[in-house]
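Analysis of the macromolecular model
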Amino acid sequence: MPDTGISQETDSNPRKGGYVDPRYLDEDASRDQKIALELRRRYPNAFDLRKKARKRLPRFAFEYIDGGAGSDGNIQRNWASLDGIELMPRYGNVVAPPPTDIELFGVPYNAPIGISPIGGPGTGFPGAERFLARAAQAAGIPYTLGVLSAITIEEAAEIAPDVLWLQIYRFARNDHKIGLDLARRAETAGVKALVLTWDTPVRTTRPREVKAGITNPFRLNMRLKMDAMSSPPWLMSMMRNGIPRFVSIKPYMGGASSLEEAAKFMRTEGGGAFTWEEVKRYRDVFKGRLVVKGILHPEDAKRAVEIGLDGLFVSNHGGRQIEALPASIDAVPAIAKEVGKKATIVLDSGVRTGIDAARALAVGADAAFAGKAFLWSLGALGERGPKHMIDVLKAELSSTLGQLGCLSVGELRNVPRRHRTAWSPEDFATGTSI
Ligand SMILES: Cc1cc2nc3c(=O)[nH]c(=O)nc-3n(C[C@H](O)[C@H](O)[C@H](O)COP(=O)(O)O)c2cc1C
């Protein structure tokens, strides 16, 4: 039999194991399935979506979602380190694409793949939060709402009751009144995890945003308005969904919610990153699953677990802070060695494919979350984008499992691998300990 690249099982049933093979012409498929197939043909992976998003979005929107610190060096390092990981297959025991389901913090999900928090995703594509939340709920994967969002925590919990996580920044004034109230609202809304971002102790500059005319505080000035006019899909979505506002923090802004007011508010109320003492305080008051986002050093991971945190995002903020940081994936093995048995580890930064997710799990993570890939999908396809991106990531992960000889996601940990760029214990020992 010629090698068609698909197993016999899949040949006889193109949808086996949730896998939709884009090469099949299926006359009986429903309208939705036909659309899904067509998208798989035209945009088989995240980079196809990125290319389309670049053409379709206003320049400022694309530069906001895609640009990194400096010359994007940290983004490139994230991608290169993931690409460099080799996984060794074993054959003879898998005959169909395996399932991808898992559990995180006691909650079942359909894949170990999630959506990272994005502040102001409506700048990239108006309406983003609702589109992402709906797609995640329908697909059964975690969706992390960023606190700087155009829907409230409560609305997000209505749209995505089974999969919602919430990310917050530090609001330290008035003895953390706002941050602690957000945590209370998160608990009432039933979020599955509260994520404290702590890898933004300083504000850094992303030159591509600056060059595209984005200012701080953000203003939809004449230049950006002209730019927006060049993108009918972006404009249409803004007309349908309104100018993005930060409604989650509206109660704390005296009822205002515009981007300008929010920027002013963030300057006076927000800023800096949580200290250890502050994280401890959240641990004391928040009864649900508590996670910190932005850990790269195993000693920090250890301390987070000692404080009683349930999980951590190994992240360099998608390469948006400074270029010198390690690739997140390269920090995972040492962190997994230190706390892997005690905490849930999410790899975040650089994930573009289901293969990347498999690599992350093979080297010690429990899940892999992506930011930019989902934003590209919105830029390329609007509301349909996130579902398509999830379909692709899940299908890629399932095929990767099958190819490697894993019957489940859990078996990835046993796959022999080469990860040459990983940080070793000796690397961590080269600085002076703080
Ligand atoms: C446009 C944009 C806005 C972001 N805003 C936030 C934010 O408000 N809070 C946060 O914790 N992380 C934020 N992040 C970082 C993401 O949560 C995530 O760490 C990053 O996107 C992962 O890397 P990736 O884009 O390569 O997948 C943002 C990322 C992007 C691309």
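Before reading on, note that the structure itself is shown above.
In this report, the structure presented in the accompanying data block is examined.

The rules behind each value
- Residues numbered from 1 in each chain as written.
- Predicted model: local features only at pLDDT ≥ 70, side-chain atom pairs only at ≥ 80, totals over all residues.
- Helix = DSSP H or I, 4+ residues; strand = E, 2+ residues; numbered from the N terminus.
- Buried ≥ 20, exposed ≤ 12 C-beta atoms within 10 Å, placed from the backbone.
- Contact = placed C-beta atoms within 7 Å.
- Near = placed C-beta within 6 Å.
- Nonpolar A, V, L, I, M, F, W, Y, C, P; charged D, E, K, R; others polar.
- Axes fitted to C-alpha atoms, helices over the stretch in contact; angles between N-to-C directions.
- Parallel < 35°, antiparallel > 145°, perpendicular 65-115°, else oblique.
- Left-handed = near helix turned anticlockwise from the far one by under 90°.
- Expected span 1.5 Å × (residues − 1).
- Right-handed = clockwise from strand over helix to strand, strands pointing away.
- Pairing = 2+ DSSP bridges.

1. Re the overall build of the protein chain
A count of helical and extended segments in the protein chain gives 20 helices and 12 strands. In terms of its C-alpha atoms, the protein chain occupies a principal-axis envelope of roughly 70 × 50 × 40 Å. In the protein chain, which comprises 434 residues, the proportion classed as buried is 50%. Contacts spanning at least 24 positions in sequence make up 72% of the contacts within the protein chain whose residues lie at least 6 apart.

2. Some remarks on unusual backbone geometry
You will see that F105, though not glycine, has its phi angle at about 50 degrees, which is positive. Mapped onto the fold, F105 is located in the loop between β2 (102–104) and β3 (107–109). On the basis of neighbour counts, which here come to 17 C-beta atoms within 10 Å, the residue F105 falls in the partly exposed class. Located in the positive-phi region is D175, a residue other than glycine, with phi close to 55 degrees. In this structure, D175 sits in helix α9 (residues 173–189). Residue classification places D175 among the exposed residues on the basis of 9 C-beta atoms within 10 Å.

3. Quick look at the site of the ligand
Taken together, the neighbourhood of the ligand is formed by 25 residues, with S116, G119, G318, G371 and K372 sitting nearest. When contributions to the shell around the ligand are tallied by element, the ones reaching two or more residues are α4 (59–66) and α18 (372–381). Among the elements that line the shell around the ligand, the one with the most residues is α18, at 3 residues. By residue class, the composition of the shell around the ligand is 9 nonpolar, 12 polar and 4 charged.

4. Some words on the packing of α4 against α18
Two elements in contact, α4 and α18, have axes whose closest approach is 9 Å; the angle formed by their N-to-C orientations is 160 degrees. Taken together, the axis directions place α4 and α18 in an arrangement best described as roughly antiparallel. Regarding α4 and α18, the two cross each other, and that crossing is left-handed. Across the interface between the two elements, A61, F62, I65 and D66 from α4 touch K372, L375 and G379 from α18.

5. What to know about helix α19 (residues 385–404)
Compared with an ideal rise of 1.5 Å per residue, which puts 20 residues at 28 Å, α19 spans 28 Å between its outermost C-alpha atoms and is within 8% of the ideal. In terms of burial, α19 is largely enclosed, as 18 of its 20 residues are buried.

6. Let's talk about the environment of M238
Along the chain, M238 turns up in helix α12 (residues 232–241). When the 18 C-beta atoms within 10 Å are taken as the criterion, M238 is described as partly exposed. Expressed as a C-alpha distance, the spacing of M238 and P126, which sit 112 residues apart in the sequence, is 5.1 Å. Once residues lying within four places of it in the same chain are set aside, the contact partners of M238 are P126 and I243.

7. What about the pairing of strand β6 (residues 164–168)?
For β6, the tally of buried residues reaches 5 of 5 residues, placing the bulk of the element in the interior. Residues L164, L166 and I168 point to one face of β6 and W165 and Q167 to the other, with burial holding for every one of them. Traced from strand β5 (residues 143–146) through helix α8 (residues 153–159) to β6, the parallel crossover comes out right-handed. When β6 meets strand β7 (residues 193–197), the two strands line up parallel, connected through 4 bridges. When the bridges of β7 are listed, L166 appears paired with L194. You can see the chain leave β6, run along α9 and come back into β7, and the turn it takes is right-handed.

8. A few points about the pairing of β5
Side-chain alternation along β5 places Y143 and L145 on one buried face and T144 and G146 on a second face that is also buried. Alignment of β5 against β6, held across 4 bridges, turns out to be parallel. Opposite L145, over in β6, you have L166 as the bridge partner.

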